[in-house]
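Chain residues, written in single-letter form:
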Amino acid sequence: MKLKRGRFQRLLAALFMLSLLLTAMQQGIVEAAGQGDTVTPSTQSTQVTNVVVNGQPLNAKTKPMLINGKLMVPLKPFAEAVGATYQWDVKKKLVTLKKWAEPVQLKERSRKNEQRLTYEVSGKEVYIPLRDVSVDLGYTLEKTNTQIQVQPPIHGAIKKQIYEGDLVTARDAFIRLRGYSVHPYIEAHFPNTELLSSVYMFPQGEALRYFTVNGDVLSLVEVKDGFPLVTYQGYVGAPFGKEFTMEYDPLELFLKNKAKNQWGAYPKLNKPLVYEFTTGWGDSSTTYYGRITIDHKEELLGTAGDPVTGLPADTKQIMKTFKLPWESRTDAQQALE
């Protein structure tokens, strides 16, 4: 009985080991199949969602591909969709896209090249990383179950605020966006002071374009094709020197000086400008509100924050936000049409 019991135990142990071996082999096959799905480019490309640029599907005969964990799209159709020019220098192994003054450049991927922006060549197609290039050009990306939406910064909720909001809401949303330019920016010079100042001036009744003075540079920013586009720049007076200290007043520079070394077209304005001028440090800053008349005279109409000097005795506190009390929008509906 001991012999039979011993044989039975050995047989049972053998069957148990065989079961474990079969289970391990099955798991190995499943894992191998899963690895194949993530490594083979042809399999990856069939699983990639559609790419939509500015509301239109990316017009490409070749599909996007997943390469080294990045979604890559064909260079030519993407550049055409975002309105950028492109060039592939085979000798220098360099791809250049240009939509704004500063071009986006990508190098061919290699072990020595560790930079973020690289391109890949598959067959006769050049592929570029969708997210990296889109973000560098100023676009935003939103993913759904079936699509990746590539859109300009002014879209969705922000677009609704800028186009449909009241003047206070629209102006505040617009000036928070980063500006872009097809023309190289002129160099701004700043006074020798830690005092922070900013000034924004909107034509009365409008929220889709504004003037701003940064250092000694006057700029005009307008909404164009979903982007805050700088369409004009010029120096207000001579560039700063060391003599400019705490007395720096960008609004005064705008009022007293004619712009020099300009590029772009200065708009013909037949209406006053409503301004917001902030100066100071953090919680101790003061914001002044007022109007600049057609003949370039300033009317201070109110303050907010922590006034340093206060309003003149003959000035009424009638303005506490970026809007005149009697002001209404005149540009939103025209722009939508």
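Here the structure is shown first, and the text comes after it.
Predicted model, so just to flag it, every value in this text is computed and none were measured.

Engineer: Pulling in residues and values, what's your account of the environment of Tyr289?
Structural biologist: As for its position among the elements, Tyr289 is in strand S18 (residues 286–292). The buried category is assigned to Tyr289, whose relative accessible area is 8%. For the pair Tyr289 and Leu301, spaced 12 residues apart in sequence, the C-alpha separation works out to 5.8 Å. Those residues in contact with Tyr289, other than ones at most four positions away along the chain, are Tyr275, Glu276, Glu299, Leu300, Leu301, Gly302, Ala304, Met319, Lys320, Thr321 and Phe322.

Engineer: Talk me through the pattern of salt bridges; I want residue IDs and the actual numbers.
Structural biologist: Where charged atoms from two side chains of opposite charge approach closely, those side chains can pair. Tallied over the full model, the rule gives 9 salt bridges. Where Arg176 meets Asp172, a salt bridge forms, and the shortest distance between an N and an O atom there is 3.0 Å. For Glu206, the salt bridge identified is with Lys271, shortest N-O distance 2.9 Å. Highlighted residues: Glu206 in the loop between strand S12 (196–203) and strand S13 (209–214) and Lys271 in the loop between strand S16 (259–264) and strand S17 (273–280), separated in sequence by 65 residues. The exposure class assigned to Lys271 is partly exposed, which follows from its relative accessible area of 22%. One network of salt bridges, in which partners are shared, links Glu206, Arg209 and Lys271.

Engineer: I'd like to hear about the side chain of Asp216, residue by residue, with values.
Structural biologist: Among the structural elements, Asp216 can be located in the loop between S13 and strand S14 (217–224). Of the side chains with opposite charge, Lys260 comes closest to the buried, unpaired Asp216, at an N-O distance of 10 Å. Here the side chain of Asp216 touches His189 through a polar contact of 2.9 Å, landing on its backbone nitrogen.

Engineer: With reference to specific residues and values, describe the packing of aromatic side chains.
Structural biologist: Scanning the entire structure with this criterion turns up 13 aromatic pairs. A ring pair is formed by Phe202 and Phe322, whose centres lie 5.3 Å apart and whose planes are at 80°; its orientation type is edge-to-face. Placement of the pair is Phe202 in strand S12 and Phe322 in the loop between strand S19 (298–305) and helix H8 (332–336), with a sequence separation of 120 residues. Overall, the relative accessible area of 0% leaves Phe202 in the buried class.

Engineer: Run through helix H3 (residues 75–82), naming residues and quoting values.
Structural biologist: Residues Leu75, Pro77, Phe78, Ala79 and Val82 constitute the buried set of H3. Check the buried side of H3 and you find it contacts strand S1 (50–53), strand S4 (70–74), strand S5 (85–89), strand S6 (94–98), strand S9 (125–129) and helix H4 (130–136).

Engineer: Before we move on, could you go through the nonpolar core and cite the residues and values that matter?
Structural biologist: Counting 29 residues, the largest nonpolar core has Phe78, Leu97, Leu106, Ile128, Leu130 and Val133 as the members making the most contacts within it. Considering every element that reaches this core, the biggest residue donor is H3, with 4 residues. With sequence-adjacent residues up to four places away left out, Leu97 is seen in contact with Leu75, Phe78, Ala79, Thr85, Tyr86, Pro103, Val104, Leu106, Ile128 and Val133. Ranked by size, the runner-up nonpolar core spans 24 residues in total, among them Phe202, Tyr235, Val274 and Leu301.

Engineer: Lay out the pairing of S17 with the relevant residues and their values.
Structural biologist: The buried fraction of S17 amounts to 8 of the 8 residues, a majority that puts the element mostly inside the structure. Alternating positions in S17 separate into two faces, Leu273, Tyr275, Phe277 and Thr279 on one and Val274, Glu276, Thr278 and Gly280 on the other, with burial throughout.

Engineer: Requested: an account of the sheet that holds strand S2 (residues 56–57), with residues and values cited.
Structural biologist: Pairing within the open sheet is mixed, and its 4 strands lie in the order S2-S1-S11-S10. Strands at the two margins of the open sheet, each flanked by one partner only, are S2 and strand S10 (140–143).

Engineer: Describe unusual backbone geometry, listing the residues and the values that go with them.
Structural biologist: A negative phi holds for most residues other than glycine; trans holds for most peptide bonds. The phi dihedral of Asn68 is positive, around 55°, even though this residue is not glycine. Given a relative accessible area of 58%, Asn68 falls into the exposed group.

Engineer: For the environment of Leu218, give the residues involved together with the corresponding values.
Structural biologist: Examined against the element boundaries, Leu218 turns out to sit in strand S14. Leu218 gets classed as buried once you look at its relative accessible area, which sits at 2%. When the C-alpha positions of Leu218 and Tyr232 are compared, they lie 8.0 Å apart, and in sequence the two are 14 residues distant. Residues in contact with Leu218, not counting those within four places in the same chain, are Met201, Phe211, Thr212, Val213, Tyr232, Gln233, Gly234, Val236, Phe254 and Tyr266.

Engineer: An account of the sheet that holds S4 is requested, with residue identities and associated values reported.
Structural biologist: Pairing is mixed across the open sheet formed by 7 strands, whose spatial order is S3-S4-S9-S8-S7-S6-S5. Either end of the sheet is taken by a strand with one partner, and the two such strands are strand S3 (65–67) and S5. Sheet twist, expressed as the mean angle between neighbouring strand axes with direction ignored, is 35°. Sheet analysis places strand S7 (residues 104–108) next to strand S8 (residues 118–122), joined by 2 bridges and oriented parallel. Its bridge partner being in S8, Glu108 is matched across the sheet by Tyr119. In the packing of H3 onto the sheet, the strands contacted are S4, S5, S6 and S9, and the crossing angle to S4 comes to about 80°.

Thresholds, definitions, all that
Throughout, residues of each chain are indexed from 1 in the direction in which the sequence is written. Side-chain atom pairs in this predicted model are given and counted only at pLDDT of 80 or more, local residue features only at pLDDT of at least 70, and totals for whole chains, interfaces and linings cover all residues. No hydrogens and no water enter the side-chain calculation; it runs on all heavy atoms of the structure. Helix and strand labels come from DSSP, where a helix needs a run of H or I of at least four residues and a strand needs a run of E of at least two; each type is numbered from the N terminus. Here the term buried applies to any residue with accessible area under 20% of the maximum for its type, exposed to any over 50%, and partly exposed to those in between, with areas from a 1.4 Å probe on protein chains only. When checking whether two residues touch, look at their non-hydrogen atoms; a contact exists if any pair is within 4.5 Å. The working definition used for a salt bridge is a side-chain nitrogen of Lys or Arg within 4 Å of a carboxyl oxygen of Asp or Glu. By the counting rule applied here, Lys and Arg register as positive and Asp and Glu as negative, while His and the ends of each chain are not counted. Whenever two N or O atoms come within 3.5 Å, that pair is a polar contact, provided that in protein one can donate a hydrogen and the other can accept it, and provided that, for residues adjacent in sequence, both atoms are side-chain atoms. Pairing of aromatic rings covers Phe, Tyr and Trp, the last counted by its six-membered ring, and requires centre-to-centre distances within 6.5 Å; plane angles under 30 degrees mean stacked, over 60 mean edge-to-face, and any other angle means tilted. Buried Ala, Val, Leu, Ile, Met, Phe, Trp, Tyr and Cys residues that are joined via side-chain atoms within 4.5 Å together make up what is termed a nonpolar core. DSSP calls a pair of strands paired once it identifies at least 2 bridges connecting them. Angles run from 0 to 180 degrees between N-to-C directions of axes, and those axes are lines fitted to C-alpha atoms, restricted for helices to the stretch in contact.

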